[in-house]
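Examining the three-dimensional arrangement
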Amino acid sequence: MTSSDPKKKELRRKGQIGKTLFYQMLMHHILSILCWPYAVTKNAMSWAVGYFMFTEITNCGLNGRSILDILGYGDSTLPGQCISIMWIIQFTIVRIVPIPLLVYFLAMGDYSKLEFVDKILCLLTVPIPFMLNLMWYGQIMAMVMKKLRGKSKKN
């Protein structure tokens, strides 16, 4: 393979995306591990911590999808398609639909009992999972559209 080989370029691109996603996942989990216990002990934004912990339920579908893919039952098979569709629905209901209401809670919250540093920490870190969920949802929908367009071109 030469340096201009399309396969090599694609592998390099996928490797870079994988590294980027790894560091993104690492950072957001480290922030969660550091911030969530602190927030709960300060009784600050406990509703957000509880909600974010609840959203982890959607990882079951993501992990199930990955396991099926490893076993050879990817998105081109009926089991792979079923779990992917169920996961997308679950992700939408659990992580996306509640965002407007939760942003409202964040904006209208009573921060009067929090110290200045805690207010800043809450307002800077709580929106991060919302932004990540919206970004991931955009990527999920892009994959869905790509699959749908690919199928319509084949027909």
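1. Considering the overall build of the chain
Secondary structure summary: the chain contains seven helices and zero strands in total. When the helices and strands of the chain are listed from N to C terminus, the series reads α-α-α-α-α-α-α. Residues counted as buried form 28% of the 155 residues belonging to the chain. Taking the contacts inside the chain whose residues are at least 6 apart along the sequence as the reference set, 65% of them involve residues at least 24 apart. Surface accessibility of the chain: about 10,900 Å² in total, with carbon and sulfur atoms responsible for 71%.

2. Some words on the nonpolar core
Ranked by size, the top nonpolar core spans 21 residues in total, and within it Met45, Phe52, Phe91, Val126 and Phe130 carry the most contacts. Secondary-structure elements contributing two or more residues to this core are helix H2 (46-55), helix H4 (78-96), helix H5 (99-108) and helix H7 (127-154). Looking at which element gives the most residues to this core, the answer is H7, with five residues. The contact partners of Val126, leaving out residues within four places of it in the chain, are Met45, Ala48, Phe52, Leu106 and Leu121.

3. A few points about the packing of aromatic side chains
Here the distance between the centres and the angle between the planes together describe a pair of aromatic rings. Taken as a whole and assessed by the stated rule, the structure comprises seven aromatic pairs. A centroid spacing of 6.3 Å and a plane angle of 15° characterise the contact between Trp36 and Phe52, whose relative ring orientation is stacked. With Trp36 in helix H1 (residues 6-41) and Phe52 in helix H2, this residue pair connects regions lying 16 residues apart in the sequence. According to the relative accessible area criterion, Phe52 is buried, its value standing at 4%. For the ring pair Tyr104 and Phe105, a centre distance of 6.3 Å and an interplane angle of 55° mean the geometry is tilted. Cluster of aromatic residues (ring-pair linked, three or more members): Trp36, Tyr51, Phe52 and Phe130.

4. Some thoughts on a nonpolar patch on the surface
Residues Phe22, Tyr23, Leu26, Met27, Ile30 and Leu34 make up a contiguous nonpolar surface patch of about 630 Å² in total accessible area. Here Leu26 shows up in helix H1. On the basis of relative accessibility, which here comes to 38%, the residue Leu26 falls in the partly exposed class.

5. Topic: H5
For H5, the full list of buried residues reads Ile99, Leu102 and Leu106. Down the axis of H5, the smallest arc covering the buried residues is 70°, so these residues share one side. Exposed positions of H5 whose direction lies more than 90 degrees from the buried face are Pro100, Ala107 and Met108.

6. What about empty space enclosed by the protein?
Using the criterion set out here, one finds one cavity of 30 Å³ or more in the structure. Secondary structure elements with two or more residues in the lining of the largest cavity: H1, H2, helix H6 (116-125) and H7. Per-element tally for the lining of the largest cavity: the top contributor is H1, with seven residues. Within the lining of the largest cavity, the residues separate by chemical class into 15 nonpolar, three polar and two charged.

The rules behind each value
Residues numbered from 1 in each chain as written. Predicted model: local features only at pLDDT ≥ 70, side-chain atom pairs only at ≥ 80, totals over all residues. Heavy atoms only, no water. Helix = DSSP H or I, 4+ residues; strand = E, 2+ residues; numbered from the N terminus. Buried < 20%, exposed > 50% of the residue type's maximum accessible area, 1.4 Å probe, protein only. Contact = heavy atoms within 4.5 Å. Areas by Shrake-Rupley, 256 points an atom, 1.4 Å probe, with all protein chains shown as cover. Core = buried A, V, L, I, M, F, W, Y, C linked by side-chain atoms within 4.5 Å. Phe/Tyr/Trp six-rings, centres within 6.5 Å; stacked < 30°, edge-to-face > 60°. Patch = residues over 30% accessible without salt bridge, like charges linked within 9 Å, V, L, I, M, F, W, Y side chains within 5 Å. Salt bridge = Lys/Arg side-chain N within 4 Å of Asp/Glu carboxyl O. Arc of directions from axis to C-beta. 1 Å grid on protein atoms, 1.4 Å probe; cavity = no way out; pocket = protein on both sides within 12 Å on 5 of 7 lines; lining within 4 Å. Points joined across faces, edges and corners; volume = space filled by probe spheres on them. Nonpolar A, V, L, I, M, F, W, Y, C, P; charged D, E, K, R; others polar.

None of this, on its own, says anything about what the molecule does.
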